[in-house]
Amino acid sequence: MKSAIIAPSRRAAAGFTIAELLVSILVVVIITLIATQLMSNASAIARTGNKHFDTDTQARVVLDRMALDFGQMIKRTDVDYYVKQKVYKGHGNGHGCGAGRNNDLGSDQIAFYSHVPAYNPDPLTYSSTKQSPISLIAYRVNEGNDAARYGRLERMSKGLLWNGVSNNTGNGNGVYYPIVFQTGQIDSSCGGNTCPCNGTVGPWANAWKGAICNTNNSSDPDYEVIGPNVFRFEYYYMLKNGRVTDWPWDRFDMPTRQTIFYDPSYPQIKIGLSQIEAIAVSIAVIDPASRTLVQQAASANTAYGDIVDLAAELPDFKNSCGRGNGQRTLGSVELQWKGVIESIAQTGQPIQGGGKLFPPEAAKGIRVYTRYFDLKIW
Amino acid sequence: MNSVIKVVRSEQRGAALIIVLAFVVLFAGLSVAYLSRTTSDRQIAHSSFHQSNVDQLVQSAVDNIIGDLRQEITNGSTAVTQADGTTLYTPTATANMVPQRSGNAAGAPNLIRRSVRVDPIPAPGRSSRASAVNSQDDVSSNGRSISSTRWNGHYLVPKGNTAIDDSSPIPAFTNATPDWVFVTDAGATVITSPSTSVIGRYSYAVYAEGGLLDMNVAGYPTDAVASTATIRPGRKGSAAYADLSALGSTDSNRFGNPDAAGVYQGDRLVGWRNYATTQPNNNFPDTGSQAFAKNFQTDTTATRPATAFYNYVLNNTNGFLSRTATPAPNGRTDQAFIQRQQLIAFRKAIGSTTSVSSNLLQYLGTFSRETNAPSFSPSTPAGSTIDYATLANTDPTAINPNFLLRRATSSFTRFDGTTANIGEPLVKTRFPLSRLAWVTYKGPSAVVYAANNSDPVITALTSAGVSLSTIKAGTAANVKACFGVTFQTGGGGGPGSPWTYTNPTGTSAASRILRLDEVAAAAREPDFFELLQAGILSGSLGQNTGGGVTGGNVFPDVHMSNSAQHILSIGAAIMDQADPDSIPMRIQLNPSGTLWTAYGVENLPYITQMYPIAGTSPNTPAQWATYLLFQLWNPHQDASTLPNNVRLRVDGAIGIFQGGNGESWVNGTTPQIIANGSSLGQSVTLQLTSSFAAPAPLTNTNTTGAAAAPGVAGQFAVLAAPTLP
């Protein structure tokens, strides 16, 4: 009995054998390696998942906000819209059948009146009862020099006073326009990318030029970043006859029409948005880490493009500049975008090549989202 | 020694414990971080997921409700399938023309339906499928309910307490808020106990806004000129001149103009809404000495706001659906209430509990819509041998068809420039009666205007309220397209020449008026007379005296039996009643190789009675003389004094006396005129003071100015330009 008690104490007192230590160390190393690998894999998975969550969350917020704005859009033929159509000029991202790198001119812009809350233009002077429930809403991807906003989706919510509350004109302080029931204030006659057009009349020319321009001098205090990770904004139309187009009418029916407003070719018909069943909005979202990677690479090496360059590599939705061919289908623009993103992820270059480089790792943090907003115009 | 061994063993156990604890802490931290991240993401995802679920459920609910309304239309109608695949639904009873009412609370006339348990809706209505769970009274397990105040957020139900500004409704509605409709995997289902198969729930109320005042139209400004302040609104007829100050007996239920506090609420409304048109001064919504639109009360100039508004109403051609195109000098434009929420907000901006209160909103809407197309289909009069009602729906060549069944059979361009697609209603819009001004006795109004923009015809039209834009639209082409008539020019044409009915595509006098099915085949819109023919029961046209003869100067029995002649006469009479002149409209047709003329009826005296007398000739007592006496009568209800110089032409012999019995013929003195067989074309002018509202013979008191008549004997001759009123 005694020896039985003493024997273990002797083994303990004698310490571990070399073999025991080696085995223990080996086991610890193996466990550590396994744990490290596990953590690494988990981290990678979590990082990817986190990126996905980041972009998902961002897209959800942006698209939900758009759903509210589009749902309350003022849909009439006697008010102005700034929407993509055959004549769509006035800012740096003019759209249509023009030229540009890859014939793609970057993100779209849109501005319209909507029945949603917005900032009171001058709360110290005008009480809330003098602010109408109608607001001017606009979306754009900022391309100015403001680093905090550069390459990020902005939303303008400009509160409008009731008609007659302020009768001042011009573009100075204290000039607040109500909703204007007049179309054609966005002059379609000026060429190039002048913004606003020299011939533009009405509040769009000065007081509201931020709604249609996207230059350094078109900042507007009512613009705020709504999608800091959204760097590409594109929209197109699903017509009531089922066609998908970049003009808000069917060019087979009205081949010579230039605009949704008064058109000399169709003097009897102001169509507004009446031909549209839904507006499809596609956005590209990048997670913050990947955005940082892109910007750092661009800063360090001019061969690398920045976030707006990356946006420009994602093609515009555009039909062929004529009738009979180039018809697009639902999802085609998203397919093109994903092709570009995959190409960057694999080679560091977009499909076309020859342009800017981008860190392949950054492409892994880019997601593409599309939502269709039914305009409910009967 | 034992104690030493124990120490060593404790240290070993402690190290192991620390290592294990470290691993536990490490894994716990990782787990917490992971769970934390996934939980927040899960919550965000769930929030979006639930939002999508609610969206889907709402969309399904709306589809259900609208589907039930459509099914109600189908159940209460006779369906007629068209060749193009479309189906027309004609109500089988007049009660089916409007939705059935169900569950509506007393005192809430706008409410026509709600989701209600054991739905008592009469046929052909569809049950709401609501369960016995009330949206207000039966609070859900999470404590949520929908109060009657929330239900009445649109203020379409009268308020229960008008001393406060919220939307709390009358008790009758508070006690009858909608019940829940539960949606299970089998759709909207009535349940009697909690069920795990319930996916969601909805409840609803349906309101009719058709009887509300469209605030984009109704209401007019103060007119500082007394003479027009009563005349213009007094014309009525247009919702634009609805008197909003007469809506209620107190300021709280009306737009007092001014109200008891001296605030011109109606002017504030019109000044805001018709800003560019009326150009109010000062700033909205100020009151007092610098009141918004205060100039409405003081401006008496010819361009005052009230006149500008009047002209805006007269010249509006789009049903007030869009605003005037010309902005005010400050760049502001007319405004519109785009939706009800905006109207509610506007009311809040100008109203209070004592003036323009929220209770007023139950009478106000932001739109008024109706199909601007005729849906006429004839009924069969009692005793008729012609079953018009049946023929209208079955006979493809019916003269009086169901208008809805007459469809475009080929594509063509309508008068308004739009394209008529195959299958569309042939008559897609009403015929604007303003176009009647295009047809004048001097020709198309635009032609007359182009020749002389101050022509008395043009001046008379503008004085009668016809806009210049309307006058200038009356080109020869437009007149032919819309009326099917052409005016003779050159040759025997000119003022007073007759119009010729050719139909819109014809080149010479037509022999008849086409039916609507023939018009559709001709790929065009029907003209004025074709519409008249389609709308007037054919059996009531062309009535003759029973087969009499005709020819030469015989009483025109054949003319009377011709329905086309009859339609043209009716159309000409409509034109004459609309135009400001006194020249009867004449329209020619060619039914069988000879030109006939249909005449309109002006507001003038006509020969109403003729009777012969015979006796000894006053000039030659040895001879027998026969005289034909006649009387004139103006059968119009508004016959007053004659509006213009009206001359009566006589081709033959006539004597006019002072009137009364026992008068003797004194040649050259007593009679005003003597026109005998050798002096054709004598005339007298009817006195302006005479109305002939009652039948009266010609006397030397109601006639004057005997003179030779213009023109050729036996032919129509136009008089000189009338004196303008």
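Structure first, text after, so check above.
Quick caveat, the model's predicted, so the values are computed rather than measured.

A. Inspection of the overall build of chain B at higher detail. Secondary structure summary: chain B contains 17 helices and 23 strands in total. Counting only carbon and sulfur atoms, one obtains 56% of the accessible surface of chain B, whose full area is about 36200 Å².

B. The pairing of strand 19 (residues 624-633) of chain B, seen in detail. Residues and elements named next belong to chain B. Where strand 18 (residues 606-616) and strand 19 come together, ten bridges link them in antiparallel fashion. If you follow Tyr606 over to strand 19, its bridge partner there is Trp633. Relative to strand 22 (residues 696-697), strand 19 runs antiparallel, the two sharing two bridges. Looking across to strand 22, one finds that Leu632 is bridged to Ala696.

C. Inspection of the sheet that holds strand 4 (residues 223-227) of chain A at higher detail. Residues and elements named next belong to chain A. If you trace the four strands from one edge of the open sheet to the other, you get 1-2-3-4, paired in antiparallel fashion. Either end of the sheet is taken by a strand with one partner, and the two such strands are strand 1 (110-114) and strand 4. Across the sheet, the mean angle separating the axes of adjacent strands is 25° when strand polarity is ignored. Note: strand 3 (residues 153-161) against strand 4, four bridges, orientation antiparallel. When the sheet's bridge partners are listed, Glu154 is paired in strand 4 with Val225. Helix 2 (residues 18-71) contacts strand 1, strand 2 (131-141), strand 3 and strand 4 of the sheet and is inclined by roughly 125° relative to strand 4.

D. The interface of chain A and chain B, seen in detail. Residue-level contacts link 35 residues of chain A with 39 residues of chain B. Each partner contributes to the roughly 3300 Å² buried at the junction of chain A and chain B, and carbon and sulfur atoms together form 57% of this total. On the chain A side of the interface with chain B, the three residues burying the most area are Trp162, Asn163 and Phe181 of chain A, jointly 22% of the side's total. In this structure, the connection of chain A to chain B is made through one salt bridge. Among the ionic pairs, Asp286 of chain B bridges to Lys130 of chain A, the shortest N-O distance being 3.8 Å. Run the count over chain A and chain B and you get 14 residue pairs in polar contact (both at pLDDT 80 or more). When residues of the side of chain A that touches chain B are traced back to their parent elements, those giving at least two are helix 2 and strand 2 of chain A. Counting residues per element, the side of chain A that touches chain B draws most heavily on helix 2 of chain A, which supplies seven residues. Looking at the side of chain A that touches chain B, its residues break down into 14 nonpolar, 14 polar and seven charged.

E. Local environment of helix 4 (residues 288-300) of chain A. Residues and elements named next belong to chain A. Taking 1.5 Å as the rise per residue, helix 4 with 13 residues should run 18 Å; its terminal C-alpha atoms sit 18 Å apart, in good agreement. Where helix 4 is concerned, the buried positions are Ser290, Arg291, Val294, Ala297 and Ala298. The arc that holds every buried residue of helix 4, seen down its axis, measures 130°, which confines them to one face. Turned more than 90 degrees away from the buried face of helix 4 sit Ala289, Gln296, Ser299 and Ala300, all of them exposed. The inward-facing, buried residues of helix 4 contact helix 2, strand 5 (230-239), strand 7 (276-286), helix 5 (307-312) and helix 7 (360-363).

F. Quick look at the side chain of Asp220 of chain A. Residue and element names in this part refer to chain A. Mapping Asp220 onto the fold places it in the loop between helix 3 (209-212) and strand 4. For Asp220, a relative accessible area of 10% puts it in the buried group. Within the local environment of Asp220, its side chain forms a polar contact with the side chain of Lys158, the two groups lying 3.1 Å apart. Not counting chain neighbours up to four residues away, the residues in contact with Asp220 comprise Met156, Lys158 and Ala207.

G. Summary view of the environment of Ser107 of chain A. As for its placement among the helices and strands, Ser107 of chain A is situated in the loop between helix 2 and strand 1. Counting along the chain gives 211 residues from Ser107 of chain A to Lys318 of chain A, while the straight-line C-alpha distance between them is 12 Å.

H. A look at the nonpolar core. By size, the foremost hydrophobic cluster in this structure holds 63 residues, and its most contacted members are Met66, Phe70, Tyr113, Trp204, Phe233, Val281 and Ile283 of chain A. Looking at this core, the element that brings in the most residues is strand 2 of chain A, giving six residues. Apart from the residues lying within four places of it in its own chain, the contact partners of Trp204 of chain A are Asp80, Tyr82, Ala111, Tyr113, Leu136, Gln185, Ile186, Pro196, Lys209, Ala211 and Ile212 of chain A. Residues Val165 of chain A together with Ala240, Ala276 and Tyr312 of chain B belong to the second largest nonpolar core, which totals 40 residues.

I. Looking closely at the packing of aromatic side chains. Across all of its chains, the model carries 33 aromatic pairs over all chains by this definition. Plain terms: the ring middles of Tyr139 of chain A and Phe233 of chain A are 6.3 Å apart, the flat faces sit at 40° to each other, and that makes the pair tilted. A residue pair is termed long-range when its members are at least 10 positions apart, and Tyr139 of chain A in strand 2 and Phe233 of chain A in strand 5 qualify at 94 residues. Assessed through its relative accessible area of 0%, Tyr139 of chain A is described here as buried. You can call Phe233 of chain A buried: its relative accessible area is 0%. With a centroid separation of 6.3 Å and 50° between ring planes, the pair formed by Phe415 of chain B and Trp438 of chain B is classed as tilted. With Phe415 of chain B in the loop between strand 10 (412-413) and strand 11 (419-420) and Trp438 of chain B in the loop between strand 11 and strand 12 (439-440), the pair connects residues that are 23 residues apart, well separated along the chain. Accessibility expressed as a relative area gives 33% for Phe415 of chain B, which makes it partly exposed.

J. Spotlight on the sheet that holds strand 4 (residues 181-184) of chain B. Residues and elements named next belong to chain B. The strand order across the open sheet built from three strands is 5-4-6, with neighbouring strands paired in antiparallel fashion. In this open sheet, the two strands that pair with only one neighbour each are strand 5 (187-189) and strand 6 (198-202). Direction aside, the axes of adjacent strands within the sheet are offset by 35° on average. As paired elements, strand 4 and strand 5 share three bridges and run antiparallel to each other.

K. Structural view of unusual backbone geometry. Residue and element names in this part refer to chain B. Backbone torsion omega between Asn257 and Pro258 reads 10°, so that peptide bond is classified as cis. Residue Pro285 is reached from Phe284 by a cis peptide bond, and omega for that bond is -5°. By the element assignment, Pro285 lies in the loop between helix 6 (275-278) and helix 7 (305-315). The residue Gln279 is not glycine, and still its phi comes out positive at about 50°. Turning to its location among the elements, Gln279 is positioned in the loop between helix 6 and helix 7. The partly exposed category is assigned to Gln279, whose relative accessible area is 42%.

L. Fine view of the packing of helix 5 (residues 265-273) of chain B against helix 8 (residues 340-350) of chain B. All names here are of chain B. Packing of helix 5 against helix 8 leaves a shortest axis separation of 11 Å and a crossing angle of 135°. The angle between helix 5 and helix 8 falls in the class oblique. Crossing hand, helix 5 versus helix 8: right-handed. For the pair helix 5 and helix 8, the contacting residues are Gln265, Arg268, Leu269 and Trp272 in the first and Gln342, Phe346, Ala349 and Ile350 in the second. Looking at the contact of helix 5 with helix 8, its residues break down into five nonpolar, two polar and one charged.

M. Structural detail: the packing of helix 15 (residues 528-535) of chain B against helix 17 (residues 563-578) of chain B. All names here are of chain B. For the pair helix 15 and helix 17, interaxial distance at closest approach is 10 Å and the crossing angle is 115°. As helix 15 runs across helix 17, the sense of the crossing is right-handed. On the side of helix 15, the interface is formed by Phe528, Phe529, Leu532 and Gln533, while helix 17 contributes Ile567, Leu568, Gly571, Ala572, Ile574 and Met575. Across the contact of helix 15 with helix 17, the residue classes break down as eight nonpolar, two polar and no charged.

N. Quick look at the environment of Arg515 of chain B. All names here are of chain B. Inspection of the secondary structure puts Arg515 in the loop between strand 15 (499-501) and helix 14 (516-521). Considered as a pair, Arg515 and Val62 are 453 residues apart in the sequence and their alpha carbons are 43 Å apart. Not counting the four nearest positions on each side in its chain, Arg515 is found in contact with Thr397, Ala398, Ile399 and Gln533. A polar contact is formed between the side chain of Arg515 and the side chain of Asp517, at a distance of 2.9 Å.

Rules used throughout
- Residues numbered from 1 in each chain as written.
- Chains lettered and ligands numbered in written order.
- Predicted model: local features only at pLDDT ≥ 70, side-chain atom pairs only at ≥ 80, totals over all residues.
- Heavy atoms only, no water.
- Helix = DSSP H or I, 4+ residues; strand = E, 2+ residues; numbered from the N terminus.
- Areas by Shrake-Rupley, 256 points an atom, 1.4 Å probe, with all protein chains shown as cover.
- Pairing = 2+ DSSP bridges.
- Axes fitted to C-alpha atoms, helices over the stretch in contact; angles between N-to-C directions.
- Contact = heavy atoms within 4.5 Å.
- Buried area = accessible area lost by both parts, 1.4 Å probe.
- Salt bridge = Lys/Arg side-chain N within 4 Å of Asp/Glu carboxyl O.
- Polar contact = N/O pair within 3.5 Å; in protein donor to acceptor, adjacent residues only side chain to side chain.
- Nonpolar A, V, L, I, M, F, W, Y, C, P; charged D, E, K, R; others polar.
- Expected span 1.5 Å × (residues − 1).
- Buried < 20%, exposed > 50% of the residue type's maximum accessible area, 1.4 Å probe, protein only.
- Arc of directions from axis to C-beta.
- Core = buried A, V, L, I, M, F, W, Y, C linked by side-chain atoms within 4.5 Å.
- Phe/Tyr/Trp six-rings, centres within 6.5 Å; stacked < 30°, edge-to-face > 60°.
- Parallel < 35°, antiparallel > 145°, perpendicular 65-115°, else oblique.
- Left-handed = near helix turned anticlockwise from the far one by under 90°.

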